[in-house]
Amino acid sequence: HTDADAADSTGETLRTPIVAVLGHVDHGKTSLLDRIRGSTVIDGEAGAITQHIGATAVPLETVSEIAGSLVDPTDFDLPGLLFIDTPGHHSFSTLRSRGGALADIAILVIDVNDGFQPQTIEAIDILQRTETPFVVAANKVDTTPGWNPQENTPIQGSYDAQSDRARSTLDERLYDLIGDLSDHDFSADMYWRVQNFANNVGVVPVSAETGEGVPDLLTVLMGLSQRYLKDAMAIDVDGPGAGTVLEVKEQKGFGTAIDVVLYDGTVTADDTIVVGGTGDPIVTDVRALLQPRPLAEIRTEKRFEEVESVTAAAGLKIAAPDLDSAMAGAPVRVLRNRQREDIVEEVEAELAALGVTTEEQ
Ligand code: GDP
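Conventions we followed
Residues numbered from 1 in each chain as written. Predicted model: local features only at pLDDT ≥ 70, side-chain atom pairs only at ≥ 80, totals over all residues. Heavy atoms only, no water. Helix = DSSP H or I, 4+ residues; strand = E, 2+ residues; numbered from the N terminus. Rg over C-alpha atoms; globule rule 2.2 N^0.38 Å. Buried < 20%, exposed > 50% of the residue type's maximum accessible area, 1.4 Å probe, protein only. Contact = heavy atoms within 4.5 Å. Near = heavy atom within 4 Å. Polar contact = N/O pair within 3.5 Å; in protein donor to acceptor, adjacent residues only side chain to side chain. Areas by Shrake-Rupley, 256 points an atom, 1.4 Å probe, with all protein chains shown as cover. Pairing = 2+ DSSP bridges. Axes fitted to C-alpha atoms, helices over the stretch in contact; angles between N-to-C directions. Core = buried A, V, L, I, M, F, W, Y, C linked by side-chain atoms within 4.5 Å. 1 Å grid on protein atoms, 1.4 Å probe; cavity = no way out; pocket = protein on both sides within 12 Å on 5 of 7 lines; lining within 4 Å. Points joined across faces, edges and corners; volume = space filled by probe spheres on them. Nonpolar A, V, L, I, M, F, W, Y, C, P; charged D, E, K, R; others polar. Expected span 1.5 Å × (residues − 1).

**Q** Explain the overall build of the chain to me, please; I cannot follow it from the model alone.
**A** Across its full length, the chain carries eight helices and 22 strands. Here the C-alpha radius of gyration of the chain, 21 Å, is about what a compact globule of 361 residues would show, namely 21 Å. Each principal axis of the C-alpha atoms in the chain carries an extent, and together these give about 65 × 45 × 40 Å. Relative to its 361 residues, the chain shows a buried fraction of 53%. Taking contacts inside the chain between residues at least 6 apart in sequence as the whole, the part at least 24 apart equals 72%.

What follows is the structure, given as structure tokens:
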């Protein structure tokens, strides 16, 4: 089962939306990502989850397994969700795709006890400016006094298992949060009351610690994506790939390599790529495409395996000569049979839009 299954005769297919996690320090971004990864790994089923370079892919069937009765997989034709592993709004705002945000959708994590904090407001401003649809994860509900934890259950079941007292304490906290959002001009409500997600932000009570509400969170993300991103997710799978550099680093046996999130098209091991850098854009031939091996094999084999081609959305490592001056946040383009000058210019224009010009260095 691959993304290509959904391809129609024009070569267009729906890619996986890219999800970012933002929020104030210590509000639980890393824990939430860990929980999402963990809750799918424990199944031990092959294909349940794929670790990419810099990202984690959760296929629709896994979302639907986690979400249980909340999700009818036949309601969706997007293939799942790709979570960027580096949380925080710094990475969010520096990672661009064609001038927009690299992430198509976001989770804003807010600690229900701590409420709005400076970085929460910064994150909201960025989400607003980039017009990125987002959902609020009201995290740490398990810290409500008297909480009776319900591992990995949807929030409704978890609510039902609480004392009146715990329930009303949590409600109070959640309504404070909704008040904070409204003070920042976001009309928000508990996600199950939101009719129109274009006008209202949905709040999902969760615990990264116990997994409560995580099924709901994945369900809302899938629903939002399906509703608002479907057109934007239609890509030409066979077209020349486009992506963003996450990191530039040494890869043993390969020299300098770039970690890339690919958001459009395909890159193959035979391609020539154009990469933004601190000097002129780099034009170079791919030496190898690397992806992490499945978890089970890591102990016995090398960590990465070479693959022939990778299709968006995906995270991968690209090894090629001359990547030393490549730059995190810069665009990557597959040249394929297009004019080299055109693509170099495109990459330069994008760097300029990021506030980087080759003259400045
Ligand atoms: P980040 O800075 O936003 O990535 O926050 P972390 O994920 O590192 O979490 C900060 C602290 O809060 C850690 O000690 C976590 O164990 C704790 N934490 C995160 N989520 C929860 C939660 O849902 N419940 C509880 N009780 N603690 C949490």
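From this point, things continue past the structure.
**Q** Honestly, the site of the ligand in this entry has me stumped. Any pointers?
**A** Close to the ligand lie 15 residues; Asp26, Lys29, Thr30, Ser31 and Asp142 are nearest. Within the side chain of Ser31, an N or O atom sits 2.5 Å from an oxygen atom of the ligand. Here an oxygen atom of the ligand sits 3.0 Å away from a polar atom, N or O, in the side chain of Lys140. Here the ligand loses 71% of its free accessible area of 580 Å² to cover by the protein chains. Residue contributions to the shell around the ligand peak at three residues, all from helix 1 (residues 29-41).

**Q** Looking at this structure, I do not really get the sheet that holds strand 13 (residues 242-251). What am I missing?
**A** Sheet strands line up and pair through hydrogen bonds in the backbone, either parallel or antiparallel. Strand order in the open sheet formed by eight strands is 17-16-22-13-14-21-18-19, and the pairing between neighbours is antiparallel. Both outer strands of the open sheet, strand 17 (282-285) and strand 19 (304-307), are each paired with one neighbouring strand and no more. Averaged over all adjacent pairs, the angle separating strand axes in this sheet is 35 degrees, with direction ignored. Direction of pairing for strand 16 (residues 272-275) relative to strand 22 (residues 331-334): antiparallel, over a ladder of three bridges. Residue pairing in the sheet places Val275 in a bridge with Val332 of strand 22. Packed on one face of the sheet, helix 8 (residues 340-353) meets strand 16, strand 17 and strand 22 and runs near 165 degrees to strand 22.

**Q** Would you mind going over the nonpolar core with me for this structure?
**A** The nonpolar side chains of soluble globular proteins are, as a tendency, buried together. Ranked by internal contacts, the top residues of the largest apolar core, which has 79 residues, are Ile18, Leu32, Phe83, Ile107, Leu108, Val136 and Val203. Considering each element in turn, this core owes the most residues, seven residues, to helix 7 (residues 214-228). With residues up to four places along the chain from it excluded, the contact list for Leu32 reads Ile107, Val109, Ala137, Val206, Ala208, Val214 and Leu217. Within the second largest apolar cluster, 24 residues are counted, among which are Ala269, Val286, Leu316 and Ala320.

**Q** Explain empty space enclosed by the protein to me, please; I cannot follow it from the model alone.
**A** As enumerated under the stated definition, the model contains one cavity of 30 Å³ or more in all. One number sums up the size of the largest cavity: a volume of about 40 Å³. Of all the secondary-structure elements, those providing two or more residues to the lining of the largest cavity are strand 13, strand 14 (255-264) and strand 22. The element best represented in the lining of the largest cavity is strand 22, accounting for three residues. Partitioned by chemical class, the residues of the lining of the largest cavity number seven nonpolar, two polar and one charged.

**Q** Would you take a moment to explain the layout of surface pockets for this structure?
**A** Leftover empty space is mapped by rolling, across the atoms, a probe with the size of a water molecule. Considered as a void within the structure, the second largest pocket measures approximately 290 Å³ in volume. Along its surface, the second largest pocket is lined by 14 residues, and Thr132, Pro133, Phe134, Phe197 and Ala198 are the ones closest to its centre. Broken down by secondary-structure element, the contributors of at least two residues to the lining of the second largest pocket are helix 4 (118-129) and helix 7. When the residues that make up the lining of the second largest pocket are grouped by side-chain class, the tally is nine nonpolar, four polar and one charged.

**Q** Help me understand the side chain of Gln162, please; the structure alone is not making it clear to me.
**A** Take Gln162: it is sitting in the loop between helix 5 (155-160) and helix 6 (164-183). Take Gln162: its relative accessible area is 4%, and that puts it in the buried class. For Gln162, the side chain forms a polar contact with the main-chain oxygen of Ser158, separated by 3.0 Å.

**Q** What should I look at first to understand the pairing of strand 5 (residues 80-84) in this one?
**A** Side-chain positions along a regular strand alternate between the two faces of the sheet. Of all five residues making up strand 5, five are buried, and the element is well covered by its neighbours. Residues of strand 5 alternate between two faces, with Gly80, Leu82 and Ile84 on one and Leu81 and Phe83 on the opposite face, all of them buried. Pairing analysis gives two bridges linking strand 2 (residues 18-23) to strand 5, with the strands arranged parallel. Bridge pairing links Val19 to Phe83 in strand 5. Inspection of the sheet shows strand 4 (residues 55-59) paired to strand 5 by five bridges, in the antiparallel sense. Bridging from a neighbouring strand, Ala55 pairs with Ile84 of strand 5.

**Q** For this particular structure, what's the right way to read helix 7?
**A** The end-to-end C-alpha separation of helix 7 is 21 Å, in line with the 21 Å expected for 15 residues at 1.5 Å each. Most of helix 7 sits inside the fold, with twelve of its 15 residues counted as buried.

**Q** What should I look at first to understand the sheet that holds strand 5 in this one?
**A** Strand order across the open sheet formed by eight strands is 3-4-5-2-8-9-11-10, with mixed pairing between neighbours. Unpaired on one side and paired on the other, strand 3 (50-52) and strand 10 (188-190) mark the two borders of the sheet. Taking each pair of neighbouring strands and ignoring which way they run, the sheet shows an average axis angle of 30 degrees. Pairing between strand 8 (residues 105-111) and strand 9 (residues 134-139): six bridges, direction parallel. Counterpart to Leu108 in the pairing with strand 9 is Val136. Most of the contacts of helix 2 (residues 60-67) go to strand 4, to which it runs at about 75 degrees, and overall it touches strand 4 and strand 5. The strands touched by helix 4 within the sheet are strand 2, strand 8 and strand 9, with strand 8 carrying the most contacts at an inclination of about 160 degrees.

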